[in-house]
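# Chain and residue survey
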Amino acid sequence: MKYVLVTGGVISGVGKGIIASSLGTLLKSRGIRVTSIKIDPYINIDAGTFSPYEHGEVFVLDDGGEVDLDLGNYERFLDVTLTRDNNITTGKIYQQVISKERKGDYLGKTVQVVPHITNAIQDWVTRVAETPVDGNEKADVCIIELGGTIGDIEGMPFVEAFRQFQFRVKRENICCVHVSLIPQPKTTGEQKTKPTQSSVRELRGLGISPDIIVCRSVTPLSESVKEKISLFCHVDPEQVYCVHDVTSVFRVPLLLQSQGADDFLISRLQIDVSQNKNRPQGMTMASWAELADRHDRLLKEVCIVLVGKYTALSDSYTSVIKALQHASLAVNHRLDLKCIEAADLEPAMENENPQKYHEAWRELVGANGVIVPGGFGTRGTEGKILACKWARSKNIPFLGVCLGLQCAVIEFARSVLGWKDANSTELNPELSLESNSAVVVDMPEHTSGDMGGTMRLGKRKTVFRTDQSVIRKLYGNPDSVEERHRHRYEVNPRVVSKLEEKGMKFVGHSEDDKRMEIMELEGHPYFVGVQYHPEYISRPLKPSAPYLGLLLAASNQLQTYASRGYRASPRLSEDSEDGDRIIDASP
């Protein structure tokens, strides 16, 4: 097994996840099987209890693992399916070690950070690296991203573990990549290397010497800056890579390839690629180049408004935004995404801050399509319900995800069925479960108490109940689909028949036929709600079906697409003027 360790310096959020994913993409394009591990030094067992403002979105895996959003990058870039064990936290490691200590596994020894914690980290890494993620064969290379910034006190046990790990696996089997920031003050415009020098010096002082330094910068690095970094950081100039700000993340693998990153990794890790010719590859670099070029040359725009509760931090909706981008590329339109705070749509905001209120409504009214994503708690839910009402009554293409579906059901019950008190028991715990007003209810198996891992999580099967379903046709007309879930509340089965009588059809149910999974509104261009989170398995060349439907409808292409039997047209040439046809989005 070969390992690539990716660390970060100067600031957090420097782009380690994208760099690690891009390096994996380069290797996979050469026929090398790749897996990945994300290490988060926080004490939380997993990301499930985080506020989106704290650490961005919670990404959910097939096995129900609630993990860091960077694992979403790995799955999208590498097109692999990871497990909860691919995300290591300090909490998981200490929980494991303390559990073993309680059982007496250490035979009365004093349990310490070194060697017990550091050994546990190394054992976890080697175990997960051997776990197949692509078919039944294990990977050739494991890419490990160490979260946080070198020098953080909470990350020290992990740095020490990898200092030791170099000797466990031998130097020829591990390559260290350090991602650092090159600031460029506007006053001088000069690219400053001192922060990177300090970061690398600290990393080397801890016993890890980087083989590659990836410099994040606003503009491309000058040769003199590369040479200066080389001189002070103990690497050849050819091992200093520049990843400057680019038009899209699709360009990052291409940028690294143009600087020889894949050839260096293969040489440094002594990987024999001569036997990989017949192996299935990931996306070819030609595919990445085509995606990047397509992203940059699109002229027509489609405006989608995201009505959310955590819009102050875009990372809160990373997978939703990526899924919208994938779908917009497939329909040959540039995505003009506007995020508005749901609470700004509520009448109370008109009195509190009229400017915010009118700006939010102006954005909503001008949208080609509306998406209401998931969330928890009461704040902003009435604003989401108002957005659902606008999209339904004005025939605006709409997609509701998880809480978005529930808000659409609440609005429909209030406006169409006349149940003025219709609500969710999450939002109004006083509702009687036997009344029609409780249109969204707590799942029977959910118990209050511990918050982590108590939801319906992971991949579940949804069975279609009718052939007359737009979503079913967008999926390719299967009998069922499997998607990832993360929710505690669901549509009350008691009120479904009354909703369906008025045109709100639940076309997809759970396998036991008790849970409402997919909703479509009769007589509407595209009004769809899903209880699951389809964004989690969207891929650049395989956009999620519900998101693709939203973008097709918002760009006035859904009818054309339907007339072709819900099949993509042949790939458009660069000089094509036919805006009614969509680019072939199949791999």
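Residues numbered from 1 in each chain as written. Predicted model: local features only at pLDDT ≥ 70, side-chain atom pairs only at ≥ 80, totals over all residues. Heavy atoms only, no water.

### Details of the overall build of the protein
For the protein, the count of helices and strands is 20 helices and 21 strands. Each of the three principal axes of the protein carries a C-alpha extent, and together these read 70 × 70 × 55 Å. Counting over 587 residues, the protein shows a buried share of 57%. Of all intrachain contacts in the protein linking residues separated by at least 6 positions in sequence, the fraction that spans at least 24 positions is 72%. Carbon and sulfur atoms make up 48% of the accessible area of the protein, which totals about 24,200 Å². Looking at charge distribution, the protein has the averaged site of its 69 positive side-chain charges lying 2 Å from that of its 77 negative ones. (Helix = DSSP H or I, 4+ residues; strand = E, 2+ residues; numbered from the N terminus. Buried < 20%, exposed > 50% of the residue type's maximum accessible area, 1.4 Å probe, protein only. Contact = heavy atoms within 4.5 Å. Areas by Shrake-Rupley, 256 points an atom, 1.4 Å probe, with all protein chains shown as cover. Lys, Arg positive; Asp, Glu negative; His and termini not counted. Charge placed at Lys NZ, Arg CZ, Asp CG, Glu CD.)

### Examining a nonpolar patch on the surface
Taken together, the side chains of Y94, I98, V113 and V114 define a hydrophobic patch exposed on the protein surface, amounting to about 310 Å² of accessible area. The set of elements that each furnish at least two residues to the nonpolar patch consists of α4 (90-103) and α5 (113-129). Checked against the element boundaries, V113 lands in helix α5. (Patch = residues over 30% accessible without salt bridge, like charges linked within 9 Å, V, L, I, M, F, W, Y side chains within 5 Å. Salt bridge = Lys/Arg side-chain N within 4 Å of Asp/Glu carboxyl O.)

### So, the packing of helix α9 (residues 251-258) against helix α11 (residues 285-297)
In contact at an axis separation of 9 Å, α9 and α11 are set at 125 degrees when each is read in the N-to-C sense. Overall, the two elements α9 and α11 adopt an arrangement that is oblique. For the pair α9 and α11, the crossing hand works out as left-handed. Taking contact as the criterion, the partners of R251, P253, L254 and Q257 in α9 are, on α11, M285, W288, A289, A292, D293 and D296. Classifying every residue of the contact of α9 with α11 by side-chain character gives six nonpolar, one polar and three charged. (Axes fitted to C-alpha atoms, helices over the stretch in contact; angles between N-to-C directions. Parallel < 35°, antiparallel > 145°, perpendicular 65-115°, else oblique. Left-handed = near helix turned anticlockwise from the far one by under 90°. Nonpolar A, V, L, I, M, F, W, Y, C, P; charged D, E, K, R; others polar.)

### Some points on the pairing of strand β16 (residues 456-464)
Pairing of β16 with strand β17 (residues 480-487) involves eight bridges; the strand directions are antiparallel. Within the sheet, the bridge partner assigned to K461 lies in β17 and is E482. Of the strand pairs in this sheet, β16 and strand β19 (residues 504-510) are connected by three bridges, and their pairing is antiparallel. Counted as the bridge partner of T462 is S510 from β19. (Pairing = 2+ DSSP bridges.)

### What about the sheet that holds strand β21 (residues 527-530)?
The mixed open sheet is built from nine strands, whose spatial order is β11-β10-β12-β13-β21-β20-β19-β16-β17. Strands with a single pairing partner mark the edges of an open sheet, and in this sheet they are β11 (334-341) and β17. Between one strand and the next, the sheet's axes are offset by a mean angle of 25 degrees, whatever the strand orientation. Here β19 pairs with strand β20 (residues 516-521) via five bridges, running antiparallel. Bridging across to β20, G508 finds its partner in I518. Sitting on the sheet, helix α14 (residues 354-365) is in contact with β10 (301-308), β11 and β12 (369-372), with an inclination near 145 degrees to β11. Across the sheet, helix α15 (residues 381-393) is in contact with β10, β12, β13 (398-401), β20 and β21; its angle to β12 comes to roughly 150 degrees.

### Let's talk about the sheet that holds strand β14 (residues 423-424)
Reading across from one edge, β14-β15-β18 is the order of the three strands in this open sheet, with mixed pairing throughout. Bordering the open sheet on either side are β14 and β18 (489-491), each of which pairs with just one other strand. Sheet strands touched by helix α16 (residues 403-415): β14, β15 (438-442) and β18. Its angle to β15, the strand with the most contacts, is close to 150 degrees.

### Points about the pairing of β20
As a general feature of sheets, a regular strand has side chains that alternate between the two faces. With six of six residues buried, β20 lies mostly within the body of the structure. Once β19 ends, the chain turns through five residues before running back antiparallel as β20, passing D513 with a positive phi of about 70 degrees. Looking at chain direction, β20 and β21 are connected through three bridges and run antiparallel. Considered in β21, the bridge of I518 is made with V530. In textbook terms, the turn of a hairpin is the stretch between consecutive antiparallel strands, and for β20 and β21 this stretch comprises five residues, one of which, G523, has a positive phi near 75 degrees.

### So, unusual backbone geometry
Of note, the bond from V114 into P115 is cis; its omega dihedral lies within 30 degrees of zero at 15 degrees. Summarising the element assignment, P115 is placed in helix α5. Of note, the phi angle at K170 is positive, near 80 degrees, even though the residue is not glycine. Secondary-structure assignment places K170 in the loop between α6 (156-169) and β7 (174-181). Phi angles above zero are rare outside glycine, and C402 is one such case at about 60 degrees. As for its placement among the helices and strands, C402 is situated in the loop between β13 and α16.

### Focus: the UniProt feature "domain: CTP synthase N-terminal" (unreviewed entry) in the protein
Per the UniProt annotation, the sites labelled "domain: CTP synthase N-terminal" (unreviewed entry) are residues 2-271. Strand forms 17% of residues 2-271 and helix 41%; the C-alpha atoms that close the span are 8 Å apart. (UniProt positions renumbered as here; feature names shortened; annotations may be inferred.)

### Observations regarding the side chain of S469
With respect to the element layout, S469 can be found in the loop between β16 and α17 (470-474). Residue S469 is classed as buried on the basis of its relative accessible area, which comes to 1%. In terms of polar contacts, S469 uses its side chain to reach the backbone amide nitrogen of R472, at 3.1 Å. For S469, the side chain forms a polar contact with the side chain of E520, separated by 2.7 Å. Once you skip the residues sitting within four places of it in the chain, S469 turns out to touch F464, V507 and E520. (Polar contact = N/O pair within 3.5 Å; in protein donor to acceptor, adjacent residues only side chain to side chain.)

### Remarks on empty space enclosed by the protein
Going through the model one piece at a time under the given rule, you end up with two cavities of 30 Å³ or more. Approximately 80 Å³ is the volume attributed to the largest cavity. Lining the largest cavity are 13 residues, and of these L146, G147, T149, I150 and G155 sit closest to its centre. Within the lining of the largest cavity, the residues separate by chemical class into four nonpolar, seven polar and two charged. Here the second largest cavity is characterised by a volume of approximately 60 Å³. G375, F376, C402, L403, Q406, E426, R486, H487, R488 and Y489 together form the lining of the second largest cavity. Of all the elements in the fold, those that place two or more residues in the lining of the second largest cavity are α16 and β17. (1 Å grid on protein atoms, 1.4 Å probe; cavity = no way out; pocket = protein on both sides within 12 Å on 5 of 7 lines; lining within 4 Å. Points joined across faces, edges and corners; volume = space filled by probe spheres on them.)

### Focus: the nonpolar core
In summary, soluble globular proteins display a tendency toward joint burial of nonpolar side chains. Within the largest apolar cluster, 50 residues are counted, with the highest numbers of intra-cluster contacts made by V4, L23, I143, V177, V214 and L256. In terms of residues, this core owes the most to one element, helix α1 (residues 16-29), which gives six residues. Excluding residues within four positions of it along the chain, V4 makes contact with V141, C142, I143, I144, C175, V177, L265 and L269. (Core = buried A, V, L, I, M, F, W, Y, C linked by side-chain atoms within 4.5 Å.)

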